[in-house]
Amino acid sequence: MEIDKAIRESDDKRLKTKYNNAIYVIKRALALYSIEEVAFSFNGGKDSTVLLHLLRAGYFLHRVEQSCSNGVQIDFPIRTIYFESTSVFPEINTFTYDTSKTYGLQMDIIRTDFKSGLEALLKSKPIRAIFLGVRIGDPTAVGQEQFSPSSPGWPPFMRVNPILDWSYRDVWAFLLTCTVQYCSLYDQGYTSIGSIYDTVPNALLSISSTSSKEKFKPAYLLPDGRLERAGRVKKNSPLDGTRSPAVNNGLDSVNSHKNRMFTASVIGVGDEILFGTVEDQLGPLLCKKLHSIGWMTSRSTVVRNDIDSVAEEVDRCKSVSDLVFLYGGVGPLHSDVTSASVAKAFGVRLAPDEEFEEFLRHLIGDHCTGDRNEMAQLPEGITELLHHEKLPVPLIKCCNVIVLSATNATELEKQWDCLIELTGSDGFLVTIESYSSKRLTTNLTDVETAQPLSKLCLEFPDLYIGCFRRSRQGPLVISFEGKDPSRVQAGVEALCKKFNAGAFSEVN
Ligand SMILES: Cc1cc2nc3c(=O)[nH]c(=O)nc-3n(C[C@H](O)[C@H](O)[C@H](O)COP(=O)(O)O)c2cc1C
Ligand SMILES: Nc1ncnc2c1ncn2[C@@H]1O[C@H](COP(=O)(O)OP(=O)(O)OP(=O)(O)O)[C@@H](O)[C@H]1O
Ligand SMILES: [Mg+2]
């Protein structure tokens, strides 16, 4: 079998390991399910092309082991599903059909959406398991394992992901070592292919050219697999197709977010803060930063360096806040429990992240604990590395949880600025309308102010009206916060009107 032979003859040890693991998963699936019960989801993309050849090899080896074959080439009887959409690149479509012909695939072409297409297919066919070319780092890989039942709300089947742990580099090592055909778009700078509306060549492969037409290097030359999805732009509807997605990107999301309230939770991890021996500078600074971009911090807590305490808090916050920021507990020490806690909160394992490991190796060389660098163990399938050229190591984002490695205010300032630059325009930490605030002080007593203030809160439900004192004897400070400056001013005036002139003075 030519694929198996090419890998066995290669001296790429890493590729051999990845190949053997994937073949193992495929053989287990073929042992668990009959050939009529399995299907292969093929879309002409590079990952599904890798999977096609792994399945061909895996099926061949499975048959050999069952002594059904004497080593002669056998056909490929695994049912193949292709969801053909009107927004697919013509090159992808042609490649899918050509490949189907070359390898004699039995294709079911489905032209509805994934879910209803699968519902109909599973009603008419005995399919129980579907092979997918999903890889960790794909947005759809979140929470998946090599064998993952379909999600609630989807028809019941087993998703089998033999290349879940493959990196971008592994994919290209495989395709080039086996010298198999792949879609021509990958030779034109496309590195991950979605629809014609959300995919452009990866700018990192651009070759400066004097002619008007921009040229790109092939996908396998992308030096950093973490940037595989840099050619994915924000989705536009087909009606927007004439506008440049890259220009449009960001503006739409900011405008649509303008009137929304965004909330964040801030979690500090640190026994020392709880003992009172270390002052927490980062929590208050993060609240200030969030406030400055128009966000509301709805909860800020400090928890112990203990996996269960952190996991519980992350679990609580991740479902009620748009974003959760975690600081403290990041590193290789016994007290550095943050990554493990995030994994626990999301119900996934910690797994080595080779891309993160590479960053760490640059930073600390090979001085890691044990065989592997413990710090490079990250929550599997949900981790996105947010890297910025000014940061030696990327920040970690697990779904809506952002792990900051800052240990002091200066480091946090830097990480925050990078985060804003990285994410400001495409949504997840978008700057929205900022708060307008005013503060009044008064020497009136609490008793005198209490009732009129309560009434004022009812009259101005869109404002946050709060009170605090700097000392029991000193003046009462009343703060007004709101998104509309004219409403804040109206609130201030309404309060002043309730008392004699001069009862309040405005302060900064
Ligand atoms: C065969 C197959 C099975 C899928 N099963 C699930 C599923 O169980 N749960 C789910 O949320 N999405 C499922 N999806 C949808 C994918 O997660 C994802 O939304 C889809 O591949 C579109 O990805 P894209 O938006 O990057 O094009 C499935 C897709 C395919 C092709
Ligand atoms: N339209 C589709 N029809 C059939 N299977 C699909 C379709 N879209 C996605 N899939 C399945 O989901 C997997 C993951 O899709 P994904 O887009 O991440 O990878 P790819 O298309 O193979 O490669 P690339 O990352 O370069 O786009 C595919 O390998 C395939 O198994
Ligand atoms: Mg794709």
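About the criteria used
Throughout this document, residue positions are counted from 1 along each chain, in the order its sequence is written. The order in which chains are written sets their letters, starting at A; the order in which ligands are written sets their numbers, starting at 1. Local features in a predicted model are, by the rule used here, given only for residues with pLDDT of at least 70; side-chain atom pairs are given and counted only at 80 or more, and totals for whole chains, interfaces and linings are based on all residues. As a convention, hydrogens and water are excluded, and side-chain values are obtained from all of the structure's heavy atoms. Each helix is a run of H or I in the DSSP string that is no shorter than four residues. Each strand is a run of E no shorter than two, and both are numbered from the N terminus. Any pair of residues with heavy atoms lying within 4.5 Å of one another is described as a contacting pair. One number per residue, pLDDT, summarises how confident the predictor is, and it ranges from 0 to 100. One heavy atom suffices: a residue is near a molecule or strand as soon as one of its heavy atoms comes within 4 Å of it. Pairing of N or O atoms within 3.5 Å defines a polar contact, subject to two protein rules: one partner must be a possible hydrogen donor and the other a possible acceptor, and residues neighboring in sequence count only if both atoms are side-chain atoms. The method behind every accessible area is Shrake-Rupley, applied with a 1.4 Å probe, and residues are considered shielded solely by the protein chains displayed. The criterion for strand pairing is that DSSP finds at least two bridges linking the strands in question. Note on geometry: axes are C-alpha line fits, over the in-contact stretch for helices, and angles between N-to-C directions span 0 to 180 degrees. Within 6.5 Å between ring centres, the rings of Phe, Tyr and Trp (the latter by its six-membered ring) count as paired, and their orientation is classed by plane angle as stacked under 30 degrees, edge-to-face over 60, tilted in between. The classification of residues rests on relative accessible area computed with a 1.4 Å probe and restricted to protein chains. Under 20% of the type maximum is buried, over 50% is exposed, and intermediate values are partly exposed. We count a salt bridge whenever a side-chain nitrogen from Lys or Arg sits within 4 Å of a carboxyl oxygen from Asp or Glu. Between the first and last residue of a helix there are one fewer steps than residues, each counted as 1.5 Å, and that sum is the expected span. Nonpolar core, defined: a set of buried Ala, Val, Leu, Ile, Met, Phe, Trp, Tyr and Cys residues in which side-chain atoms within 4.5 Å join the residues together.

Undergrad: Is there a simple way to think about the overall build of the chain in this case?
TA: Assigned secondary structure in the chain consists of 16 helices and 20 strands. Partitioning the contacts of the chain with sequence separation of at least 6, the portion at a separation of at least 24 is 72%.

Undergrad: Quick question: what am I supposed to make of the confidence of the model for the chain here?
TA: Atomic detail in the predicted coordinates should be set aside for any region of low pLDDT. Summarising the model, the chain shows a mean pLDDT of 87, and 89% of its residues fall at 70 or more. Counting contacts from residues 234-258, a segment whose pLDDT is below 50, to residues more than four positions away or on other chains yields 26 contacts. With pTM at 0.58, the complex prediction returns an ipTM value of 0.98.

Undergrad: Would you mind showing me how to read the site of ligand 1 here?
TA: Every one of the 13 residues lining ligand 1 counts as a neighbour, but Phe 114, Ser 150, Ser 151, Trp 154 and Arg 159 are closest to it. Trp 154 has a polar side-chain atom sitting 3.4 Å from a nitrogen atom of ligand 1. The contact in question runs from an oxygen atom of ligand 1 to an N or O atom on the side chain of Arg 159, over 3.4 Å. Protein chains bury 70% of the 620 Å² of accessible surface belonging to ligand 1 in isolation.

Undergrad: How do you make sense of the site of ligand 2 when you look at a structure like this?
TA: Taken together, 20 residues lie near ligand 2, and Ser 41, Lys 46, Ser 48, Tyr 186 and Ile 193 sit nearest. One of the side-chain nitrogen or oxygen atoms of Ser 41 is found 2.6 Å away from a nitrogen atom of ligand 2. Between ligand 2 and Phe 83 there is a distance of 2.9 Å, counted from a nitrogen atom to a backbone nitrogen or oxygen. With the chains in place, 88% of the 580 Å² that ligand 2 exposes on its own is no longer accessible.

Undergrad: Can you help me understand the sheet that holds strand 3 (residues 106-110) in this one?
TA: Picture the strands of a sheet paired through backbone hydrogen bonds; they go either parallel or antiparallel. Read from one edge of the open sheet, 6 strands run 3-2-1-4-6-5, paired in mixed fashion. Two strands in the sheet have a free side with no partner beyond their single neighbour: strand 3 and strand 5 (147-149). Adjacent strand axes in the sheet meet at a mean angle of 30°, parallel and antiparallel pairs treated alike. Packing of helix 2 (residues 13-32) onto the sheet brings it into contact with strand 1 (38-41), strand 4 (129-131), strand 5 and strand 6 (158-160), and relative to strand 5 it is tilted by some 50°.

Undergrad: How should the packing of aromatic side chains be read in this particular structure?
TA: Two aromatic rings, taken as a pair, are described by how far apart their centres are and by the angle between their planes. Here the structure, examined in full by the defined rule, presents 12 aromatic pairs. Note on Phe 40 and Phe 42: the rings are 5.4 Å apart at their centroids and 35° apart in plane angle, and the pair reads as tilted. For Phe 40, a relative accessible area of 0% gives the class buried. For the ring pair Phe 499 and Phe 504, a centre distance of 5.4 Å and an interplane angle of 75° mean the geometry is edge-to-face. Pair check on accessibility: Phe 499 and Phe 504 agree, each one buried. Pairwise contacts between aromatic rings join Trp 172, Tyr 182, Tyr 186 and Tyr 220 into one cluster.

Undergrad: Before we go on, may I ask you to explain the sheet that holds strand 20 (residues 504-507) in this structure?
TA: With antiparallel pairing, 4 strands are arranged side by side in an open sheet as 18-19-17-20. Looking along the sheet, the strands with just one partner apiece sit at the ends: strand 18 (464-469) and strand 20. Direction aside, neighbouring strands of the sheet carry axes that sit 30° apart on average. The pairing of strand 17 (residues 436-442) with strand 19 (residues 476-482) spans 7 bridges and is classified as antiparallel. The partner of Lys 438 across the bridge, within strand 19, is Phe 480. Its contacts with the sheet place helix 15 (residues 446-459) against strand 17, strand 18 and strand 19, and it is angled at close to 165° to strand 18. The strands that helix 16 (residues 485-497) touches are strand 17, strand 19 and strand 20; relative to strand 17, the one it contacts most, it runs at about 15°.

Undergrad: What should I look at first to understand the pattern of salt bridges in this one?
TA: Pairs can form between side chains of opposite charge whenever their charged atoms are close. Taken as a whole and judged by the stated rule, the model has 30 salt bridges. For Asp 308, the salt bridge goes to Lys 344, with nearest N and O atoms at 2.5 Å. Separated by 36 residues along the polypeptide, Asp 308 in helix 11 (residues 307-318) and Lys 344 in helix 12 (residues 338-346) bring together distant segments of the chain. Residue classification places Asp 308 among the partly exposed positions, given a relative accessible area of 40%. Each of Arg 14, Lys 18, Arg 169, Asp 170, Glu 354 and Glu 358 takes part in salt bridges that share partners, so that together they form one network.

Undergrad: Just to check I follow, could you spell out the pairing of strand 17 for this structure?
TA: Every regular strand shows the same layout, with side chains that alternate between the two sheet faces. Sheet topology note: the strand 17/strand 20 ladder contains 4 bridges and is antiparallel. Looking at the pairing, Thr 441 lines up with Ser 505 of strand 20.

Undergrad: Explanation requested: helix 3 (residues 46-65) in the structure shown.
TA: One turn of the α-helix equals 3.6 residues, which is why residues spaced by three or four share an orientation. Taking 1.5 Å per residue, 20 residues should reach 28 Å; helix 3 reaches 28 Å between its end C-alpha atoms and fits that length. Buried residues dominate helix 3, accounting for 17 of its 20 residues. Ser 67 sits one or two residues past helix 3 and shows a positive phi near 55°.

Undergrad: Please clarify how the nonpolar core should be interpreted in this entry.
TA: Across soluble globular proteins, you tend to see nonpolar side chains buried next to one another. Counting residues in each nonpolar core, the largest one holds 58 residues, and the members touching the most others are Tyr 19, Phe 40, Leu 54, Phe 131, Trp 166 and Phe 174. Only helix 1 (2-9), helix 2, strand 1, helix 3, helix 4 (90-102), strand 4, strand 6 and helix 6 (168-177) provide two or more residues apiece to this core. The dominant element in this core, judged by the number of residues it contributes, is helix 3, at 9 residues. Contacts of Phe 40, omitting those with residues within four sequence positions, involve Ser 48, Leu 51, Leu 52, Leu 55, Phe 76, Ile 78, Arg 79, Thr 80, Ile 81 and Phe 131.

Undergrad: Explain unusual backbone geometry here, please?
TA: In terms of backbone geometry, most residues other than glycine have negative phi values and most peptide bonds are trans. The backbone of Thr 179 shows a phi angle near 40°, a positive value even though the residue is not glycine. Among the secondary structure elements, Thr 179 is positioned in the loop between helix 6 and strand 7 (206-207). Among the residues examined, Thr 179 registers a relative accessible area of 68% and is labelled exposed. One non-glycine residue with positive phi stands out, namely Cys 399, at about 50°.

Undergrad: Would you explain the pairing of strand 19 in this entry?
TA: Most of strand 19 is tucked away, with 7 of its 7 residues classed as buried. Burial along strand 19 is two-sided: Leu 476, Ile 478, Phe 480 and Gly 482 and Val 477, Ser 479 and Glu 481, pointing in opposite directions, are all buried. Alignment of strand 18 against strand 19, held across 6 bridges, turns out to be antiparallel. Across the sheet, residue Arg 469 finds its bridge partner in strand 19, namely Leu 476. The loop that links strand 18 with its antiparallel partner strand 19 comprises 6 residues.

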